[in-house]
Amino acid sequence: MSSIVVTTWSLEQTSPADLLPAAAPEGDAVRIVRAEVPSPEFSRFLYASVGGDIRWTDRLGWSHARWQQHLARPGVETWVAYDRGTPAGYVELEPQDDGVVEIVYFGLVPAFRGRRIGGHLLSYGAARAWDLAERWDGLPPTKRVWLHTCSLDGEHAMANYQRRGFRLFDTKVEEEPDVPTPGPWPGAYTPARDGA
């Protein structure tokens with residue numbers, strides 16, 4: 001199997017004051033709602049739909065039980081952006097040790113990119129990472145929020161993170177297997193043929 005070189009950047013905020021919120025989209029068409037009932041089916045749908053064209057593959061092989069176990073962990077939260085009732089993207093938060101919260105996944109379904117939803121969703125998700133302990137008994141107050149992005153992610157990802165106040169703290173360059181983009185289902189991102 002061939003390989004590709006992937007650069008991964010890790011970014012952080014170390015105070016709630018670091019967050020530089022984006023403006024919300026005009027009107028009331030976009031809502032962000034927490035998916036409070038752990039649902040492996042819904043979470044896998046979001047994961048495959050948002051990451052299918054940018055090679056998110058690490059969770060595709062997870063069993064239903066593994067999804068359920070992950071989603072039921074205290075403090076793991078999924079916040080979903082809806083555009084006029086349709087899921088447009090999501091943010092997944094995961095608490096770690098010592099008041100650290102990782103934004104594990106963040107992104108938009110391809111059809112919703114470029115509509116000024118991403119900055120708003122990231123701002124909202126980062127704010128929820130900072131106040132995570134207010135919703136979960138036993139979690140320490142958040143002291144640091146971090147995430148990573150890579151050269152396979154959307155072309156505007158890094159700039160969005162930096163505009164929201166995230167600062168770079170680590171860079172890694174590694175070779176990874178050159179896997180095809182899975183899409184939310186086989187062939188989803190293959191150009192349609194005439195008459196198809």
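Owing to the predicted nature of the structure, the values given are computational and were not obtained by experimental measurement. (Residues numbered from 1 in each chain as written. Predicted model: local features only at pLDDT ≥ 70, side-chain atom pairs only at ≥ 80, totals over all residues. Heavy atoms only, no water.)

Participant: How would you sum up the overall build of the protein chain? Please name residues and give values.
Facilitator: Secondary structure assignment for the protein chain yields 4 helices and 7 strands. The secondary structure elements of the protein chain, listed N-terminal to C-terminal, are β-β-α-α-β-β-β-α-β-α-β. Over its C-alpha trace the protein chain gives a radius of gyration of 17 Å, about what one expects of a compact globule, namely 16 Å for 196 residues. When its C-alpha atoms are laid out on the principal axes, the protein chain stretches across 55 × 40 × 35 Å. Burial status across the protein chain gives 45% buried among its 196 residues. Of the contacts made within the protein chain by residues no fewer than 6 positions apart, 73% connect residues no fewer than 24 positions apart. A total of about 10700 Å² of accessible surface is found on the protein chain, and carbon and sulfur atoms cover 52% of it. Here the protein chain holds 20 positive side-chain charges and 26 negative ones, and the gap between their average locations is 3 Å. (Helix = DSSP H or I, 4+ residues; strand = E, 2+ residues; numbered from the N terminus. Rg over C-alpha atoms; globule rule 2.2 N^0.38 Å. Buried < 20%, exposed > 50% of the residue type's maximum accessible area, 1.4 Å probe, protein only. Contact = heavy atoms within 4.5 Å. Areas by Shrake-Rupley, 256 points an atom, 1.4 Å probe, with all protein chains shown as cover. Lys, Arg positive; Asp, Glu negative; His and termini not counted. Charge placed at Lys NZ, Arg CZ, Asp CG, Glu CD.)

Participant: Would you mind going over helix H1 (residues 40-51) in detail, with residue names and values included?
Facilitator: With 12 residues, H1 should reach 16 Å at 1.5 Å per residue; the first-to-last C-alpha distance of 16 Å fits that figure. Three or more residues of H1 are buried, namely Pro-40, Ser-43, Leu-46, Tyr-47, Ala-48, Ser-49, Val-50 and Gly-51. Summarising the contacts, the buried residues of H1 are in contact with helix H2 (64-71), strand S3 (77-83), strand S4 (86-95) and strand S5 (100-108). (Expected span 1.5 Å × (residues − 1).)

Participant: Can you explain the pairing of strand S2 (residues 30-34)? Please cite residues and give values.
Facilitator: Of the two faces of S2, the one lined by Val-30, Ile-32 and Arg-34 is fully buried and the one lined by Arg-31 and Val-33 carries no buried residue. Direction of pairing for S2 relative to S3: antiparallel, over a ladder of 5 bridges. Counted as the bridge partner of Arg-31 is Tyr-82 from S3. (Pairing = 2+ DSSP bridges.)

Participant: Explain the packing of H1 against H2 to me, using residue names and the numbers behind them.
Facilitator: Packing of H1 against H2 leaves a shortest axis separation of 9 Å and a crossing angle of 95 degrees. As judged from the angle between their axes, H1 and H2 are roughly perpendicular. Packed against H1, whose contacting residues are Pro-40, Glu-41, Ser-43, Arg-44 and Tyr-47, the element H2 presents His-64, Trp-67, Gln-68 and Leu-71 at the interface. Tallied by class, the residues present in the contact of H1 with H2 amount to 4 nonpolar, 3 polar and 2 charged. (Axes fitted to C-alpha atoms, helices over the stretch in contact; angles between N-to-C directions. Parallel < 35°, antiparallel > 145°, perpendicular 65-115°, else oblique. Nonpolar A, V, L, I, M, F, W, Y, C, P; charged D, E, K, R; others polar.)

Participant: Outline the nonpolar core, supporting the account with residue identities and numerical values.
Facilitator: Tyr-90, Leu-93, Ile-103, Tyr-161 and Phe-166 are the most contacted members of the largest nonpolar core, which has 41 residues in total. When residues in this core are grouped by element, the largest group, 6 residues, is from S5. The contact partners of Ile-103, leaving out residues within four places of it in the chain, are Val-91, Glu-92, Leu-93, Leu-122, Ala-126, Val-145, Trp-146, Leu-147 and Phe-166. (Core = buried A, V, L, I, M, F, W, Y, C linked by side-chain atoms within 4.5 Å.)

Participant: So what's going on with the sheet that holds S4? Which residues, and what values?
Facilitator: What the 7 strands build is an open sheet, ordered S2-S3-S4-S5-S6-S1-S7; its pairing is mixed. The sheet is open, and its two borders are formed by S2 and strand S7 (167-177), each paired with just one other strand. When the angles between neighbouring strand axes are averaged without regard to direction, this sheet yields 25 degrees. Two strands pair when backbone bridges link them, and S5 and strand S6 (residues 144-150) are joined in this way by 3 bridges, in the parallel orientation. Paired with Val-101 across the two strands is Val-145, which belongs to S6. Strand contacts of helix H3 (residues 118-130): strand S1 (3-13), S2, S3, S4, S5 and S6, with the helix running at about 160 degrees to S5, the strand carrying the most contacts.

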